[in-house]
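Fold and geometry: a report
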Amino acid sequence: MNSVNRFITGALLSLSLVNLAFSAPETDWPKKTIVAVLSFPAGGSTDVFARAVTAPLSEALGQSVIVENKPGAGGMIGLGAAAKAAPDGYTIHISALTNQAISQALFKNPPADLRKDFIPVALIGTVPHLIVVNPNVPAKNVPELIAFIKSKKGDFSYASQGNGSLSHLESTMFMQRIGATGTHIPYKGSSFALPDLIAGNTLMMFDSVTASLPHVQSGKLRPIAIAATERSPLIPNVPTLGQDGMKQFEVENFFAVYVPKNTSPAVVAKLEREIRKILTNPDFKARMATQGIHPQFANSEQLAEITNKEHDKWEKVVKSANIKVD
């Protein structure tokens, strides 16, 4: 073999080794169980959506994806825990993005930041919120609810999914818009708040369609209005807040997947690709629709833009409304 051939052979071998090195994470990962950290308890919309996504994701990756619920502080406890995890691809964060953007604006010393401490992987969808009340409340629409609340002259309480949650901020904005005050009772998610609302210990709550729907269908809760741009096909007779007289109260409640900063780009790419397949599967979309969930895919780059916009939007809302954490 002459020197030229030896050079070419050596160069090709080096190139093969480089390609192997770059492709190794793609082919080798995952080798063990993956933990999906959630910031809310079991039973709420985040949990329902997360488990619906992680089941087929486990199958696609050939490894278990275990959901780990870490509720509290408007999603900040789970966010902080996920941010501290090793960036090895074995911890992902399924985020209630809108909730965490609000908490970022409300809390003075948040433990982490979705924009700085994570890599965006994929948007997975939206889950609309609605106002629900105990059936003993006489109101059946927004004007009647406003009149009833004002008649209480502050002597009432309303529930939320927790301090700094979207549910909390929606309630605060609603009370400010109608010029009423009441006692805010924060819970660690819908599964803790709904029993008290059903029992009549609180008057109303902004909650996800996913969590409230079974109680609405059973008659244990009465829906008043949807806090989104469109009605839910599951409860088509329930108007949006805008349709019932309260304009400019539309909220997109985003959910997305992130990984800790410095996670391998190959891992991010593989997760993004498999999540896209799940979300665009017609059977998956149809099944989620029956639970009030709207699957919606956006890639890593698009999610980064959405994440920044949500943080900017809610920071302005919090400041302009002078909203404080209880």
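Higher on the page you've got the structure.
So, here is what we can say about the structure in this document. In this text the structure is predicted, and so the values were computed from the model without any measurement.

**Let's talk about the overall build of the chain**
For the chain, the helix and strand inventory stands at twelve helices and eleven strands. Across its three principal directions, the C-alpha atoms of the chain cover 95 × 40 × 30 Å. When each of the 326 residues of the chain is scored for burial, the buried share is 52%. A sequence separation of at least 24 residues applies to 80% of the contacts in the chain between residues at least 6 apart. Accessible surface, the chain: about 14500 Å² in total, of which carbon and sulfur atoms supply 54%. The average position of the 31 basic charges and that of the 26 acidic charges among the side chains of the chain differ by 3 Å.

**Let's talk about the packing of aromatic side chains**
Remark: the centre distance and the inter-plane angle together describe each pair of aromatic rings, the angle taken between the planes. Under the criterion given, the structure shown has five aromatic pairs. Ring plane angle 70° and centroid distance 6.4 Å describe the contact between F118 and Y258, whose orientation is recorded as edge-to-face. Of the two residues, F118 sits in strand β4 (residues 118-126) while Y258 sits in strand β10 (residues 254-260), which places them 140 residues apart along the sequence. Neither F118 nor Y258 differs from the other in exposure class; each is buried. Put simply, the rings of F174, F206 and F249 pair up and form one aromatic cluster.

Cut-off values and rules
Residue indices follow the written sequence of each chain, beginning from 1 at its first position. Side-chain atom pairs in this predicted model are given and counted only at pLDDT of 80 or more, local residue features only at pLDDT of at least 70, and totals for whole chains, interfaces and linings cover all residues. Here the side-chain values reflect all heavy atoms present in the structure, with hydrogen atoms and water set aside. In this text, helices come from DSSP runs of H or I with a minimum length of four residues, and strands from runs of E with a minimum of two, each type numbered from the N-terminal end. Each residue is placed in one exposure class: buried if its accessible area under a 1.4 Å probe, protein chains only, is under 20% of its type's maximum, exposed if it is over 50%, and partly exposed if it falls in between. Residue contacts are counted whenever heavy atoms from the two residues lie within 4.5 Å of one another. For the area figures, the Shrake-Rupley method with a 1.4 Å probe applies, and any residue is considered shielded solely by the protein chains shown. Asp and Glu are treated as the negative residues and Lys and Arg as the positive ones, with His and the ends of the chain left uncounted. For the purpose of locating charges, the reference atoms are NZ of Lys, CZ of Arg, CG of Asp and CD of Glu. A pair of aromatic rings is counted whenever rings of Phe, Tyr or Trp (Trp by its six-membered ring) have centres within 6.5 Å, and the orientation is called stacked for planes under 30 degrees apart, edge-to-face for over 60 and tilted otherwise.

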